[in-house]
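As a plain string of letters, each chain reads:
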Amino acid sequence: MPDIDLDDPAVQDELRRLSIPSALLDGLHAVGRMAYQNAAELTVPGIVVQGNNDLVVGLNNHGCLCSGSETLSSTTKWTLIT
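If you're wondering where the values come from, they're calculated on a predicted model, not measured in any experiment. (Residues numbered from 1 in each chain as written. Predicted model: local features only at pLDDT ≥ 70, side-chain atom pairs only at ≥ 80, totals over all residues. Heavy atoms only, no water.)

S.K.: Which residues make up the overall build of the protein chain, and what are the values?
M.R.: Scanning the protein chain for helices and strands turns up three helices and two strands. For the protein chain, the N- to C-terminal ordering of α and β elements is α-α-β-α-β. Counting the 82 residues in the protein chain, one finds 11% classified as buried. Contacts in the protein chain between residues at least 24 apart in sequence constitute 65% of all its contacts with a sequence separation of at least 6. As displayed, the protein chain offers around 6700 Å² of accessible surface, 59% of which is attributable to carbon and sulfur atoms. (Helix = DSSP H or I, 4+ residues; strand = E, 2+ residues; numbered from the N terminus. Buried < 20%, exposed > 50% of the residue type's maximum accessible area, 1.4 Å probe, protein only. Contact = heavy atoms within 4.5 Å. Areas by Shrake-Rupley, 256 points an atom, 1.4 Å probe, with all protein chains shown as cover.)

Encoded structure:
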C-alpha cells in the first residue's frame with residue numbers, strides 16, 4: 001500500500017475499522033519461525049516466490065531462509081513478482 005493517502009479522512013476511517021485477528025499474526029510468525037528452524041533439514045531444491053514490494057521480509061533479507069541449508073543455498077531459485 002505504498003500509494004495510500006493517509007491524509008484522506010476516508011482512508012483513515014477505513015484503517016480504523018480494519019481488524020486483523022491476532023491469531024493470524026501469531027500463525028504467520030510461527031510458520032516463519034518453523035521454516036527458518038527447519039531449513040537445514042531440506043534436501044531438495046526449493047523455490048521462493050517473493051513480492052517485489054515485500055515489506056515484511058524485504059529484498060535484502062530474502063537469503064536468510066537458505067543460509068542454514070547447503071542444499072537450499074546452492075539450488076534455490078528466487079522469483080520476484082510485482
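S.K.: Which residues make up the pattern of salt bridges, and what values do they have?
M.R.: In total, this model carries two salt bridges according to the counting rule given. Across the pair R16 and D13 runs a salt bridge whose closest N-O atoms are separated by 3.5 Å. Taken together, the residues R16 and D13, both in helix α1 (residues 9-17) and three residues apart, mark about one turn of the helix. Between R17 and E14 there is a salt bridge, with the nearest N and O atoms lying 2.6 Å from each other. With R17 and E14 both in helix α1, this residue pair falls three residues apart, about one helical turn. On the basis of relative accessible area, R17 is assigned to the exposed category, the value being 57%. (Salt bridge = Lys/Arg side-chain N within 4 Å of Asp/Glu carboxyl O.)

S.K.: Please provide a residue-by-residue account of the confidence of the model for the protein chain, values included.
M.R.: Per-residue pLDDT for the protein chain has a mean of 76; in total, 67% of the residues score no lower than 70. Here strand β2 (residues 77-81) stands out as the least confident element of the protein chain, with mean pLDDT 59; α1 is the most confident, with 92. (pLDDT = per-residue confidence, 0-100.)

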